[in-house]
Amino acid sequence: MIIAVASGKGGTGKTTVAANLAKTLTDRRVTLIDCDVEEPNCHLFINPAPVQTEPHTVYVPSVDKTACTACGACSTLCQFKAIITIKDSTLVFPELCHSCRGCEIVCPENAISEGSRETGQIHRGESDHITLVWGSLRIGEAMAVPLISSVLERGTAFGRERTVIIDAPPGTSCPVIEAVKGADFTVLVTEPTPFGLHDLKLAAGMTRKLSLPMGVVINRSTSGDRGVHDFCRDEAIPVLLEIPDDRRIAEAYSNGILMVDALPEYREQFRSLLETITRKAAGR
Amino acid sequence: MKEIVIISGKGGTGKTTLTAALASLWKNNITADCDVDAADMHLLLNPTVLETHDFFSGVVPEIDAELCTACGLCVESCAFGAISPDIVINRIDCEGCTVCHHVCPVDAVALRERHCGFWYRSDTRFGPLVHAELGIAEENSGKLVTLIKKEAKALAQSVNAETVLVDGSPGIGCPVISSLSGADLVVVVTEPTVSGVHDMDRVLQLAAHFRVPAGVAINKADLNEEASRRIEEKTAAAGAVPLGRIPYDQVFTRAMVDRKTIIEFDRGEAAAAVAGISEAIRSLVRTTED
Ligand code: SF4
Ligand code: SF4
């Protein structure tokens, strides 16, 4: 089973929910995949050791200068201005390349072949029953999606018997879609404020568009207003768990300590959250 | 005219809350909501929309079923797996690279402009707001950020505004990089948690990478004194300027629920702390080059 934890708004507690769920599943091996490659945080709470790291590369064209006749077919095709023919030579701007291989396909002289460039790193480490897989985007790198795809591929490679929990990046655009689209169930984490509600609506819209079953976790549920609760009721989206606004949770979090470790009274709640998700995911 | 970008690395640290407060404190500025993925500024500023514009970016292919012979060449050639074996294009996976259009032997693939969302020019009680709405599951947030910034800048020039306040996106990727380009100052809002510290580190490296001077404000500072101190050390080590501390206070949530900025809602310590940070940013702006 693959559970994706997402949220339209950042900072609502996605990592908290994903990491606590993983920690709760002590009866089997679980893979936790941190897809927020721009700002990965799960490892700060899971503390895996030792960590294996490998570079992540993407395709970029490599132009054979002796074969290139500067016909310009590649630059006409490229939609991203990543390959440009000026006068008698062809230049590649690797940071703009989307790796579509179109330039290589259209080149009549076969002057273009496969090259590569590093966009970040993929890390993997174990801690108790948890295998954590995460990526870190190189500073200054704009293209997050290919790294997310590779992190997901790596994390889901252990076979379907393992439970996989995905911590998605915030938002509703390309990086998030990439992270949640293969999931069996999506947990949307929000908070009961106008910002939380607005972004929950976007996240729920995205999840609907992908036809994924979903449920909501309301974090800091004792603060704010009732807008999120009303929305969930009207849209018939189940509220799976409410986490109160408890300063002790915030303090434990600030020190990198998971709720289920710092405050054992929450263990039971995460266990039943997991049961609810399992039931709902199977019922589709 | 100076452009100030407010970002955070980690989401939910109070970026929009601070930007809205600055908008309410400063005179003669334009606000730009560049968190196009989760644009929330309008919830606090309650804008009257003056102009709505379509945002088109890139192309989306369309297959003419009449002409298509189902040869499968496009399916094989699409590097993104966006065309199913029965030749249906999945718009979510499509990057708009046009390879399918080029390889099709019977010219069955047409290209259409891709409508990705809307952008708006609005008026608010604190002056003009340029904002946008990216369609759900759409791409090109970086291009939309660039467009909003361009429009906000043009507007600022035409009305002789002193500053453009840009509310940026979380993370360090495409939309954030777009928001940093051409900025005079970046304000990082962080919180004293392990993730706040970690994410601020990466965001400061990004600012340094693009050579934009940076200042750091700590929200919920009293949540963890030790982590707050660590943030201040890291701020200094990165050559950034500390802008001050904001206390952990429920009043921020209450102000948001009331759809007001903290300056309008509160007369206590929280508002005073934010006003102090506003002053610190103002003096820092003065030191940036013209
Ligand atoms: S692979 Fe695609 S995006 Fe990259 S340079 Fe070639 S045509 Fe452009
Ligand atoms: S435009 Fe490119 S990504 Fe989109 S369907 Fe065609 S080949 Fe695939």
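Residues numbered from 1 in each chain as written. Chains lettered and ligands numbered in written order. Predicted model: local features only at pLDDT ≥ 70, side-chain atom pairs only at ≥ 80, totals over all residues. Heavy atoms only, no water.

1. Quick look at the overall build of chain B
Point 1. A tally of regular secondary structure across chain B gives eleven helices and nine strands.
Point 2. Along the three orthogonal principal directions, the C-alpha set of chain B runs to about 70 × 40 × 40 Å.
Point 3. Classification of the 290 residues of chain B by burial places 57% in the buried group.
Point 4. In chain B, the proportion of contacts linking residues at least 24 apart, taken out of those at least 6 apart, comes to 76%.
Point 5. Surface accessibility of chain B: about 11,600 Å² in total, with carbon and sulfur atoms responsible for 50%.
Point 6. Averaged over its 26 positive side-chain charges, chain B has a centre that lies 7 Å from the centre of its 40 negative ones. (Helix = DSSP H or I, 4+ residues; strand = E, 2+ residues; numbered from the N terminus. Buried < 20%, exposed > 50% of the residue type's maximum accessible area, 1.4 Å probe, protein only. Contact = heavy atoms within 4.5 Å. Areas by Shrake-Rupley, 256 points an atom, 1.4 Å probe, with all protein chains shown as cover. Lys, Arg positive; Asp, Glu negative; His and termini not counted. Charge placed at Lys NZ, Arg CZ, Asp CG, Glu CD.)

2. Structural notes on the site of ligand 1
Residues and elements named next belong to chain A.
Point 1. The environment of ligand 1 is made up of 14 residues, and the closest members are C78, C97, C100, R101 and C103.
Point 2. Looking at the shell around ligand 1, the elements with two or more residues in it are β3 (51-63) and α4 (102-106).
Point 3. Among the residues forming the shell around ligand 1, the class breakdown is ten nonpolar, three polar and one charged. (Near = heavy atom within 4 Å. Nonpolar A, V, L, I, M, F, W, Y, C, P; charged D, E, K, R; others polar.)

3. Notes on the pattern of salt bridges
Point 1. A full pass over the atoms with the stated rule returns 36 salt bridges over all chains.
Point 2. Linking D234(A) and R233(A) is a salt bridge whose minimum nitrogen-to-oxygen distance equals 3.3 Å. The pair formed by D234(A) and R233(A) is uniform in burial state, with each residue classed as exposed.
Point 3. Via salt bridges that share partners, E225(B), R229(B), E232(B) and R245(B) belong to a single interconnected network. (Salt bridge = Lys/Arg side-chain N within 4 Å of Asp/Glu carboxyl O.)

4. Concerning the site of ligand 2
Point 1. Taken together, the neighbourhood of ligand 2 is formed by P61(B), C78(B), F80(B), A82(B), I83(B), C94(B), E95(B), G96(B), C97(B), T98(B), V99(B) and C100(B).
Point 2. Its residues placed into classes, the shell around ligand 2 shows nine nonpolar, two polar and one charged.

5. Quick word on the packing of helix α7 (residues 194-209) of chain A against helix α8 (residues 227-234) of chain A
All names here are of chain A.
Point 1. Two elements in contact, α7 and α8, have axes whose closest approach is 9 Å; the angle formed by their N-to-C orientations is 25°. Between α7 and α8, the angle is such that the two are roughly parallel. Considering how the two elements wind past one another, α7 and α8 form a crossing that is right-handed. Residues G196, L197, L200, K201 and A204 of α7 pack against G227, V228, F231 and C232 of α8.
Point 2. Looking at the contact of α7 with α8 residue by residue, the classes come out as six nonpolar, two polar and one charged. (Axes fitted to C-alpha atoms, helices over the stretch in contact; angles between N-to-C directions. Parallel < 35°, antiparallel > 145°, perpendicular 65-115°, else oblique. Left-handed = near helix turned anticlockwise from the far one by under 90°.)

6. Brief notes about the interface of chain B and chain A
Point 1. Of the residues lining the interface, 59 residues belong to chain B; the matching set on chain A comes to 56 residues.
Point 2. Roughly 4,700 Å² is buried in total at the junction of chain B and chain A, and carbon and sulfur atoms are behind 61% of that figure.
Point 3. Scanning the region where chain B abuts chain A turns up three salt bridges.
Point 4. Here R247(A) makes a salt bridge to D222(B), at a shortest N to O gap of 4.0 Å.
Point 5. Where chain B packs against chain A, one counts 22 residue pairs in polar contact (both at pLDDT 80 or more).
Point 6. Listing elements by their share of the side of chain B that touches chain A, those giving two or more residues are α2 (41-45), α4 (99-103), α6 (174-180), α7 (194-209) and α9 (251-257) of chain B. (Buried area = accessible area lost by both parts, 1.4 Å probe. Polar contact = N/O pair within 3.5 Å; in protein donor to acceptor, adjacent residues only side chain to side chain.)

7. A closer look at α7(A)
Residues and elements named next belong to chain A.
Point 1. Taking 1.5 Å per residue, 16 residues should reach 22 Å; α7 reaches 23 Å between its end C-alpha atoms and fits that length.
Point 2. Residues P194, F195, G196, L197, D199, L200, L202, A203, A204, M206 and T207 constitute the buried set of α7.
Point 3. After α7 finishes, the residue S211 shows a positive phi value of roughly 55°. (Expected span 1.5 Å × (residues − 1).)

8. A word on the domain arrangement of chain A
Point 1. Domain boundaries in chain A define domain 1 (2-56 + 121-281) and domain 2 (65-110).
Point 2. Computed from C-alpha coordinates alone, the two centres of domain 1 of chain A and domain 2 of chain A are separated by 40 Å. (Domains from an automatic or database assignment.)

9. Thoughts on the pairing of strand β1 (residues 2-6) of chain A
Residues and elements named next belong to chain A.
Point 1. Burial analysis of β1 places five of its five residues in the buried class, which makes it a mostly covered element.
Point 2. Burial of the side chains of β1 extends over both faces: I2, A4 and A6 are buried on one face and I3 and V5 on the other.
Point 3. Relative to strand β8 (residues 163-167), β1 is paired through four bridges, and the arrangement is parallel. Each bridged residue has a counterpart across the sheet, and for I3 the counterpart in β8 is I165.
Point 4. With four bridges connecting them, β1 and strand β9 (residues 185-190) associate as parallel partners. Among the inter-strand pairings, A6 is bridged to a residue of β9, identified as L188. (Pairing = 2+ DSSP bridges.)

10. Some thoughts on the sheet that holds strand β3 (residues 48-63) of chain B
Residues and elements named next belong to chain B.
Point 1. As summarised here, the arrangement of the nine strands in space is β3-β4-β5-β2-β6-β1-β7-β8-β9, forming an open sheet in which the pairing is mixed. Both outer strands of the open sheet, β3 and β9 (241-245), are each paired with one neighbouring strand and no more. For this sheet the average axis-to-axis angle between neighbouring strands, irrespective of direction, equals 20°.
Point 2. In terms of strand pairing, strand β1 (residues 2-7) meets strand β7 (residues 185-190) through four bridges, oriented parallel. Bridged to I4 within β7 is L185.
Point 3. This element, α7, spans β1, β7 and β8 (214-218) of the sheet and lies at about 170° to β7.

11. Points about the sheet that holds strand β11 (residues 239-242) of chain A
Residue and element names in this part refer to chain A.
Point 1. Read across the sheet, nine strands follow the order β3-β6-β7-β2-β8-β1-β9-β10-β11 without closing on themselves; strand pairing throughout is mixed. Of all the strands in the sheet, the pair left with one neighbour each is β3 and β11. Adjacent strand axes in the sheet meet at a mean angle of 20°, parallel and antiparallel pairs treated alike.
Point 2. Across five bridges, the pairing between strand β2 (residues 30-34) and strand β7 (residues 130-137) is parallel. Along β7, the bridge assignment pairs D34 with W134.
Point 3. Docked against the sheet, helix α11 (residues 267-282) engages β1, β9, β10 (214-218) and β11, running at close to 170° with respect to β11.

12. Notes on the packing of aromatic side chains
All names here are of chain A.
Point 1. A complete count under the given rule lists one aromatic pair over all chains for this structure.
Point 2. Ring geometry for F45 versus Y253: centroids 4.9 Å apart, planes at 35°, classification tilted. One end of the pair, F45, is in helix α2 (residues 42-46); the other, Y253, is in helix α9 (residues 247-254), and 208 residues separate them in sequence.
Point 3. Using a relative accessible area of 6% as the deciding quantity, one classes F45 as buried.
Point 4. Note on Y253: relative accessible area 15%, which makes it buried.
Point 5. Lying over the aromatic face of F158, R162 brings its terminal NZ or CZ to 4.4 Å of the ring centre. (Phe/Tyr/Trp six-rings, centres within 6.5 Å; stacked < 30°, edge-to-face > 60°. Lys NZ or Arg CZ within 6 Å of the ring centre and 35° of its normal.)

13. A few points about the nonpolar core
Point 1. Of all hydrophobic cores here, the largest spans 43 residues; its most connected members are I7(B), I30(B), L144(B), I148(B), V186(B) and V188(B).
Point 2. For this core, the element with the most residues is helix α5 (residues 141-159) of chain B, which contributes seven residues.
Point 3. Residues in contact with I7(B), not counting those within four places in the same chain, are K15(B), G168(B), S169(B), V176(B), S179(B), L180(B), V186(B), V187(B), V188(B), V189(B) and V203(B).
Point 4. Residues I148(A), V151(A), V176(A) and V216(A) belong to the second largest nonpolar core, which totals 39 residues. (Core = buried A, V, L, I, M, F, W, Y, C linked by side-chain atoms within 4.5 Å.)

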